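Here is what each chain is made of, one letter per residue.
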Amino acid sequence: MSVELLMGGGGSELLVDLKACKGFGAMKLEMERSLCNVDHYLLESPVNIDIGSKRLTERQLRELEDIMLSHGVHLKNVVSNRSPVLSGNTIPINQSVAEIAESGDTVLLCRNLRSGQKVLAQGHMVILGDIHPGAEVVAGGNILVMGALKGLAHAGVYGNESAVVAAILLRPTQLRIADHITRSPDGEDVTVNNPEVARIRAGKVVIERLKF
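Residues numbered from 1 in each chain as written. Predicted model: local features only at pLDDT ≥ 70, side-chain atom pairs only at ≥ 80, totals over all residues. Heavy atoms only, no water.

Below, the discussion takes up the nonpolar core. Judged by nonpolar contacts, the single largest core of 25 residues is most densely connected at Ile131, Val137, Ile143, Leu149 and Val165. Those residues within four positions of Ile131 in sequence are excluded, and the remaining contacts are Leu113, Val137, Val145, Ala148, Leu149, Lys150 and Gly151. Core analysis: the next-biggest nonpolar cluster, separate from the first, contains 20 residues, Leu14, Leu18, Leu35 and Val47 among them. (Core = buried A, V, L, I, M, F, W, Y, C linked by side-chain atoms within 4.5 Å. Buried < 20%, exposed > 50% of the residue type's maximum accessible area, 1.4 Å probe, protein only. Contact = heavy atoms within 4.5 Å.)

Okay, structure coming up:
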């Protein structure tokens, strides 16, 4: 079986080995077969997939995630011996900033990010979806979320203090621009009906209504 149980300080995780699959169709079949053969109680663990020297497009990654979701599990990481993991105008998941230096100027991500997922881009990042608590988005330039931002966002990661973070619903657990950090106030539930943008003013992160 191509599923391995990983144990660590943060709990158990699953590793699905797809290195030997010849083509994306075989990868999907192996993912389905592997999750069907996993004991039910293990499906509470996040899933890592090892694709070896292969590349994935964003659409292919979403298809694999859909298979996982049908079994009630979510993707945590893509393991690859190549960089980037994804091909085209896409980005690797759970890799250090130094490993994505050759990514494109602007990344478009058309999906939600769940807890434990981390996406990085050298330039700007546009996300058509929600960033759930426990998920992270990191970019060298601006971050625009066409949905709810409730996880961690770090714009201007290389020290660009002119970078901004904007979202339809801006409620991050932590927000960083360059070396400046802010958090959402504890216990404060404020309803805002307008998109907002965070930027550096006078050395501090301020949040303002986004004007079009």
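Okay, the sheet that holds strand S5 (residues 106–109) next. Strand order across the open sheet formed by six strands is S5-S7-S9-S11-S14-S15, with mixed pairing between neighbours. In this open sheet, the two edge strands, each paired with only one partner strand, are S5 and strand S15 (204–209). Recorded for the sheet is a direction-independent mean angle of 25° between the axes of neighbouring strands. Inspection of the sheet shows strand S9 (residues 143–149) paired to strand S11 (residues 165–170) by five bridges, in the parallel sense. Residue Val145 lies in a different strand from S11, and its bridge partner there is Ala167. (Pairing = 2+ DSSP bridges. Helix = DSSP H or I, 4+ residues; strand = E, 2+ residues; numbered from the N terminus. Axes fitted to C-alpha atoms, helices over the stretch in contact; angles between N-to-C directions.)

Moving on, we come to the side chain of Glu30. In this fold, Glu30 is placed in helix H1 (residues 24–36). Glu30 gets classed as buried once you look at its relative accessible area, which sits at 16%. Once you skip the residues sitting within four places of it in the chain, Glu30 turns out to touch Ser2, Asp17, Leu18 and Cys21.

What follows deals with H1. In this model H1 runs 18 Å from its N-terminal to its C-terminal C-alpha over 13 residues, within 8% of the 18 Å that 1.5 Å per residue would give. Every buried residue belonging to H1 is among Phe24, Met27, Glu30, Met31, Ser34 and Leu35, and all of these are buried. One face of H1 carries all of its buried residues, which in axial projection span an arc of 120°. (Expected span 1.5 Å × (residues − 1). Arc of directions from axis to C-beta.)

In this section: the sheet that holds strand S8 (residues 136–139). Sheet architecture is open: five strands sit in the order S6-S8-S10-S12-S13, paired in mixed fashion. Strands at the two margins of the open sheet, each flanked by one partner only, are strand S6 (118–121) and strand S13 (180–182). Pairwise comparison of adjacent strand axes, ignoring direction, gives a mean angle of 10° for this sheet. In terms of strand pairing, S8 meets strand S10 (residues 152–155) through three bridges, oriented parallel.

What follows covers the side chain of Asp50. Relative to the helices and strands, Asp50 is located in strand S3 (residues 47–52). Owing to a relative accessible area of 14%, Asp50 belongs among the buried residues under this scheme. In this structure the side chain of Asp50 is engaged in a polar contact, spanning 3.0 Å, whose partner is the backbone nitrogen of Gly52. (Polar contact = N/O pair within 3.5 Å; in protein donor to acceptor, adjacent residues only side chain to side chain.)

Moving on, we come to the pattern of salt bridges. Applying the stated rule across the entire model yields 10 salt bridges. For the salt bridge of Lys19 with Asp17, the shortest nitrogen-to-oxygen distance reads 2.8 Å. Accessibility expressed as a relative area gives 40% for Lys19, which makes it partly exposed. A salt bridge links Glu208 to Arg199, with the nearest nitrogen and oxygen atoms 2.8 Å apart. Residue class for Glu208 comes out partly exposed when judged on its relative accessible area of 23%. (Salt bridge = Lys/Arg side-chain N within 4 Å of Asp/Glu carboxyl O.)

On their own, these measurements won't tell you what the molecule is for.
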